[in-house]
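Chains, contacts and geometry: an overview
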Amino acid sequence: MLGLLVAAQPAGAEDLLQVFRDAQRYDATYSAARNNLAAGRERLPQGRALILPTLNLSANATRQRIETESRDVTITPSFIRNPDSTGYTLTLTQPLFRAQNWWQYQQGEYQVRQAEATFGQATHDLVAAGALTRFMASLLSNVAPRDPITFGLVAMVLATVAIAATLIPARRAMRVNP
């Protein structure tokens, strides 16, 4: 408790925009909504790939060197050959209409809308939390952000409530006969 009183020093004021940016950076709910939005937006290209045609190009090249030395040149001459082969394949595939692919694409659109709504709600929650924090701070007049007396009193009140919340049910439990 004494450590809290010693560690508490006056804090510098921050503007609302900086508080909002810090909240965006460190709030777990907002980060989860932002990452879900990015993942949800990837569903559209994945679903679209199932219903659009695909074009594939593949190529190969083979180079060989065949060298034969004969022991008797009069019967079989020595020779060197370099047969080369190359090949190219271009494939265009248009999938037939498959209802499940179309439904998966539609589901991706709905998931993007849901992710955007969740992200918007998380943004509104951050703004509301910042405004509510400022409003509550205005209700506490004559209290500094790091007031040691206020921190000490709040810590004592919370400790008292915690002890009472555990002590009362423990006493009731001790009165019951086994």
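Residues numbered from 1 in each chain as written. Predicted model: local features only at pLDDT ≥ 70, side-chain atom pairs only at ≥ 80, totals over all residues. Heavy atoms only, no water.

Some remarks on the pattern of salt bridges
Scanning the model with the defined rule gives four salt bridges in all. Across the salt bridge formed by Asp-84 and Arg-63, the nearest N and O atoms sit 3.9 Å from each other. One end of the pair, Asp-84, is in strand β4 (residues 84–93); the other, Arg-63, is in strand β1 (residues 54–63), with 21 residues separating them in the sequence. The exposure class assigned to Asp-84 is partly exposed, which follows from its relative accessible area of 49%. For Arg-63, a relative accessible area of 70% gives the class exposed. In this structure, Glu-67 and Arg-65 form a salt bridge, with 3.2 Å as the shortest nitrogen-oxygen distance. According to the relative accessible area criterion, Arg-65 is exposed, its value standing at 56%. (Salt bridge = Lys/Arg side-chain N within 4 Å of Asp/Glu carboxyl O. Helix = DSSP H or I, 4+ residues; strand = E, 2+ residues; numbered from the N terminus. Buried < 20%, exposed > 50% of the residue type's maximum accessible area, 1.4 Å probe, protein only.)

What to know about the pairing of β1
The buried fraction of β1 is low, at zero of 10 residues. Two strands pair when backbone bridges link them, and β1 and β4 are joined in this way by 10 bridges, in the antiparallel orientation. Each residue of the ladder has a partner; that of Ser-58, found in β4, is Thr-89. (Pairing = 2+ DSSP bridges.)

Here's the deal with the confidence of the model for the protein
The predicted model of the protein averages 83 in pLDDT, with 90% of residues at 70 or higher. Taken together, the stretch residues 1–13 has pLDDT below 50 and engages in 13 contacts with residues farther than four places along the chain or on a different chain. (pLDDT = per-residue confidence, 0-100. Contact = heavy atoms within 4.5 Å.)

Thoughts on helix α5 (residues 99–139)
Think of an α-helix as 3.6 residues a turn; residues three or four steps apart then line up on the same face. Between the first and last C-alpha of α5 there are 59 Å, a value that for 41 residues agrees with the 60 Å anticipated at 1.5 Å per step. Those residues of α5 that sit buried are Asn-101, Tyr-105, Gln-106, Gly-108, Val-112, Ala-115, Ala-122 and Leu-126. (Expected span 1.5 Å × (residues − 1).)

Comments concerning the packing of helix α3 (residues 28–41) against helix α4 (residues 43–51)
Relative placement of two packed helices is described by the angle separating their axes and the distance separating the axes. Here α3 crosses α4 at 15 degrees, and the two axes come no closer than 4 Å. By the criterion of interaxial angle, the relationship of α3 to α4 is roughly parallel. Contacts between α3 and α4 involve Ala-39, Gly-40 and Arg-41 from the first element and Arg-43, Leu-44 and Pro-45 from the second. (Axes fitted to C-alpha atoms, helices over the stretch in contact; angles between N-to-C directions. Parallel < 35°, antiparallel > 145°, perpendicular 65-115°, else oblique.)

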